[in-house]
Amino acid sequence: MKKEKPPLVHPSLRGMKYVIFPRNPYVQHWDNFFLCVLLYYCFSIPYVVGVSGGYRMYANSAWFVVNMLLNVVYFADVIMLFFRAYRGKDGVLVYELRKIARNYFFSWHFVMNMIASIPMQLIILILRGVQDEGETFDDSVMNLLIITQLLKLLRIPRMKGLIETSFAIQRWWEKQNVPRAMFASFIMRLVITAHFIACLWSFMAFVQVGSLDDRLGEEPNWISNWYYSSYVEGGINPIGWENDIDRYALSLFWSIQTITSIGYGNVVPVTRAEYYVANVIQICAGLFWAFVIGNLVSIVGHMHSNRDDYKRQLDELNMVIKSFSPTSLDEADDLADIGVGDADVVAQRLRTFVNAQYNGKLISRPATVGHSPTLDEVFPALESLSPELRRLTSLHIMRKYLEMIPYFSHKYLSPKEQSVLAFKCQILEFSAGESFTNHAIHGRGLMIVRRGYCLSMRMVPDARFAMHGTDDPIAVDEVLVEDGFLRNLPRYRFISYALVVFIPRSVICEVLNAQKTAWKECARWRYLRTCLFQWAREINGGRCDGEGALDA
């Protein structure tokens, strides 16, 4: 007897090539497109059912063609669900083709989706075409269209799943300002809710009369009551199949004033059924309006949190300024001589600094005396990241500035070493008119102006000045030389609000001791050049024409 060969493929993997996985890029494009189709159905189906009654679909051939094409897309998505992998209740991805098909076929979704995908618009158009000339079209046939269109709304909950699994939407959301994105999402929900209520309110009149023609103004309903009490010649006219836009405007007007609890009183229920429905809608609208107010307060408060902090800080600063001792004109010169300065000038500098700090929006934690914030303190979000993400984030923030320093560039330091160095950098803030020579704790170091301008000055033996602007490194070579060797260190005066990246000399020496190549091939030659310039200055009595610039 011949031995049976074991199957080459496990039974659960058979038909694997036909399985549609949600993470597939092409499936992602299809899901994004189908999400747009469902969003269109959110607005069009309630409008067709409650406001136009399907009239506009047959009066406008373009709209009819668009709806037929979207119906084909809808049917295609129904068939694709037989092959689409899904996650079970335990969160495990089910990718066995038979199990996928069996699960979908025996669910109630399949029957409803198949009925909803029937091209009822085309069937009704054919029936209207074959009816005898002069014969009126039966409104009950229109009801078939209404029923089948409503079944499409059962797919609306799927929008949440499509949004959660869409890479494009996730990337878009992550790039947005969170309060503004939340506000846009909230406005969309408000618009959809108002639209649904408006279409439901218009549908109430349609159900009671059974038509949207002239009988709408003859039988008792809320539209006829408004028409005989508030209609003016040349205004909106909600009666008639062709006046669906006016009917929608009036229904939306009632919907908005119900949600917002305004209630002008010109659109009111008339019949018993309208009162019952209006009561339910008003209860739901009241709860929804409370949800609206709560969310708006939260979003607006989050959007203006920085502004509130700025106002609070400015109020506290004004209280400090009020405590200043008054300065007379005779005392002003004496105070200036001892470095105190006029009280009004100091007050103006304080306010200018706070304004510039608010507009800069970088330093999130105030620096204490002798302390300057590091990268973690400037960007608190870094503390919650994984080590790998912290490394990558720090590189994207600081690598531009580290590459400006030759011995810290990627030629000598690896990305990991640059990341470690980035977290040891200090971020300094300076107001206009402030001077700086050495850090109170870290002493000397090199600086890179991230924002603003500063003027470097040497006063002995001759006055020398150099202007430094944004993305300009300062003292890259001089910082390598020992403290006792250099004389006449430059003094830096900032002529505007400035943000400066400061790397202490101790950190520089630590990095160069660990990375010998950076020292041997780059830093030591710059060190030697700076020493030669210093020696030449001393020989020439403080002058060195070959130096060419104050700082490298």
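Residues numbered from 1 in each chain as written. Predicted model: local features only at pLDDT ≥ 70, side-chain atom pairs only at ≥ 80, totals over all residues. Heavy atoms only, no water.

J.: Quick question: what am I supposed to make of the overall build of the chain here?
T.: What the chain contains, in helices and strands, is 21 helices and 10 strands. Taking all 552 residues of the chain together, the buried fraction comes to 39%. Nonlocal contacts in the chain, meaning residues at least 24 apart in sequence, comprise 72% of its contacts between residues at least 6 apart. Put simply, the chain shows about 31,600 Å² of open surface, and 61% of that area lies on carbon and sulfur atoms. (Helix = DSSP H or I, 4+ residues; strand = E, 2+ residues; numbered from the N terminus. Buried < 20%, exposed > 50% of the residue type's maximum accessible area, 1.4 Å probe, protein only. Contact = heavy atoms within 4.5 Å. Areas by Shrake-Rupley, 256 points an atom, 1.4 Å probe, with all protein chains shown as cover.)

J.: Explain the pairing of strand 3 (residues 426–430) to me, please; I cannot follow it from the model alone.
T.: If a strand is regular, its side chains alternate between the two faces of the sheet. For strand 3, a buried count of 5 out of 5 residues is recorded, marking the element as mostly surrounded by other parts of the structure. Of the two faces of strand 3, the one holding Gln426, Leu428 and Phe430 and the one holding Ile427 and Glu429 are both buried throughout. Here strand 3 runs beside strand 10 (residues 498–504); their pairing, made up of 5 bridges, is antiparallel. From the neighbouring strand, Glu429 faces strand 10, where its bridge partner is Leu499. (Pairing = 2+ DSSP bridges.)

J.: What should I look at first to understand the sheet that holds strand 3 in this one?
T.: One key point about sheets: their strands pair by backbone hydrogen bonds, in either a parallel or an antiparallel sense. The 4 strands lie next to each other as 3-10-5-8, forming an open sheet whose pairing is antiparallel. Every other strand in the sheet has two partners, leaving strand 3 and strand 8 (472–474) as the edge strands with one partner each. Looking at each pair of strands side by side, their axes are set apart by 30 degrees on average, direction ignored. Relative to strand 8, strand 5 (residues 445–451) runs antiparallel, the two being bridged by 3 bridges. The partner of Met447 across the bridge, within strand 8, is Ile474. Where helix 20 (residues 505–514) meets the sheet, it contacts strand 5 and strand 10, and its direction lies at approximately 50 degrees from that of strand 10. (Axes fitted to C-alpha atoms, helices over the stretch in contact; angles between N-to-C directions.)

J.: Looking at this structure, how should I read the packing of aromatic side chains?
T.: In this description, a pair of aromatic rings is defined by centroid distance and the angle of the planes. If you walk through the whole model with that rule in mind, you get 25 aromatic pairs. Consider the rings of Phe253 and Tyr264, whose centres lie 5.6 Å apart with planes at 10 degrees: the pair is stacked. In this pair, Phe253 is assigned in helix 12 (residues 244–259) and Tyr264 in the loop between helix 12 and helix 13 (272–303), connecting sequence segments 11 residues apart. What makes Phe253 partly exposed here is its relative accessible area of 32%. (Phe/Tyr/Trp six-rings, centres within 6.5 Å; stacked < 30°, edge-to-face > 60°.)

J.: How do you make sense of the environment of Ile299 when you look at a structure like this?
T.: If you trace the backbone, Ile299 turns up in helix 13. Overall, Ile299 belongs to the buried group, its relative accessible area being 3%. Between the C-alpha atoms of Ile299 and Phe183, which are 116 residues apart in sequence, the distance is 6.6 Å. In this structure, Ile299 is in contact with Pro179, Met182, Phe183 and Phe186, ignoring residues within four places of it in sequence.

J.: Would you explain the side chain of Gln28 in this entry?
T.: Tracing the sequence through the fold places Gln28 in helix 1 (residues 25–52). We classify Gln28 as buried; its relative accessible area is 6%. Of the polar contacts made by the side chain of Gln28, one reaches the backbone oxygen of Pro22; its length is 3.0 Å. The contact partners of Gln28, leaving out residues within four places of it in the chain, are Pro22, Arg23, Thr165, Ser166 and Phe167. (Polar contact = N/O pair within 3.5 Å; in protein donor to acceptor, adjacent residues only side chain to side chain.)

J.: Whenever I open this one, the confidence of the model for the chain confuses me. Can you help?
T.: Caution is warranted with low-pLDDT regions, since their predicted coordinates should not be read in detail. Here the chain shows a mean pLDDT of 79. Residues at 70 or above account for 80%. Scored below 50 in pLDDT, residues 334–340 makes 5 contacts in the model with residues more than four places away or belonging to other chains. Scored below 50 in pLDDT, residues 544–552 makes 24 contacts in the model with residues more than four places away or belonging to other chains. (pLDDT = per-residue confidence, 0-100.)

J.: What is the right way to look at the packing of helix 1 against helix 8 (residues 158–165) in this model?
T.: Geometry of a packed helix pair, given as the angle between the helix axes and the separation of the axes. Where helix 1 contacts helix 8, the two axes come as close as 10 Å, and the packing angle between them is 145 degrees. Two packed elements cross with a definite hand, and for helix 1 against helix 8 that hand is left-handed. Mapping the contact onto sequence places Gln28, Asp31, Phe34, Leu35, Leu38, Leu39 and Cys42 in helix 1 and Arg158, Met159, Leu162, Ile163 and Thr165 in helix 8. (Left-handed = near helix turned anticlockwise from the far one by under 90°.)

J.: Whenever I open this one, the sheet that holds strand 6 (residues 454–458) confuses me. Can you help?
T.: Ordered by their spatial adjacency, 4 strands build an open sheet running 4-9-6-7, and the pairing between neighbours is antiparallel. Lying at the two open borders of the sheet, with one neighbouring strand each, are strand 4 (435–436) and strand 7 (464–468). Taken together, the 2 bridges between strand 4 and strand 9 (residues 491–494) define a ladder with antiparallel strand orientation. Counted as the bridge partner of Phe436 is Tyr492 from strand 9.

J.: Got a minute to help me understand a nonpolar patch on the surface in this structure?
T.: On the surface, Trp525, Leu528, Leu532, Trp535 and Ile539 cluster together into a nonpolar patch covering about 570 Å² of accessible area. On the secondary structure map, Ile539 appears in helix 21 (residues 516–539). (Patch = residues over 30% accessible without salt bridge, like charges linked within 9 Å, V, L, I, M, F, W, Y side chains within 5 Å. Salt bridge = Lys/Arg side-chain N within 4 Å of Asp/Glu carboxyl O.)

J.: Please clarify how the environment of Tyr248 should be interpreted in this entry.
T.: With respect to the secondary-structure elements, Tyr248 resides in helix 12. Each C-alpha atom, one on Tyr248 and one on Trp201, is 9.5 Å from the other, the two residues being 47 residues apart in sequence. Apart from the residues lying within four places of it in its own chain, the contact partners of Tyr248 are Tyr47, Val51, His195, Ala198 and Cys199.

J.: Would you take a moment to explain unusual backbone geometry for this structure?
T.: Glycine aside, a negative phi is what most residues show, and trans is what most peptide bonds show. The phi dihedral of Ser261 is positive, around 60 degrees, even though this residue is not glycine. One can find Ser261 in the loop between helix 12 and helix 13. The backbone of Ala475 shows a phi angle near 60 degrees, a positive value even though the residue is not glycine. One can find Ala475 in the loop between strand 8 and strand 9. A relative accessible area of 7% means that Ala475 is categorised as buried.

J.: Is there a simple way to think about a negative patch on the surface in this case?
T.: Taken together, Asp214, Glu218, Glu219 and Glu242 make up a surface patch of like negative charges. With respect to the helices and strands, Glu218 occurs in the loop between helix 10 (178–209) and helix 11 (222–230). (Lys, Arg positive; Asp, Glu negative; His and termini not counted. Charge placed at Lys NZ, Arg CZ, Asp CG, Glu CD.)

J.: I tried to follow the pattern of salt bridges on my own but got confused; where do I start?
T.: Opposite charge on two side chains permits them to pair, given that their charged atoms come into close proximity. In this structure the tally under the stated criterion is 9 salt bridges. In this structure, Glu510 engages Lys424 in a salt bridge whose closest nitrogen and oxygen atoms are separated by 2.7 Å. Here Glu510, found in helix 20, pairs with Lys424, found in the loop between helix 19 (415–422) and strand 3; they are 86 residues apart in sequence, far enough to count as distant. For Glu510, a relative accessible area of 42% translates into the label partly exposed. By relative accessible area, which is 30% here, Lys424 ends up partly exposed. Salt-bridge contacts for Arg529 lead to Asp477; the nearest nitrogen and oxygen are separated by 2.6 Å. Of this pair, Arg529 sits in helix 21 while Asp477 sits in the loop between strand 8 and strand 9, placing them 52 residues apart in sequence. Classification of Asp477 by relative accessible area gives buried; the value is 3%. Linked through salt bridges whose partners overlap, the residues forming this network are Asp77, Arg155 and Arg158.

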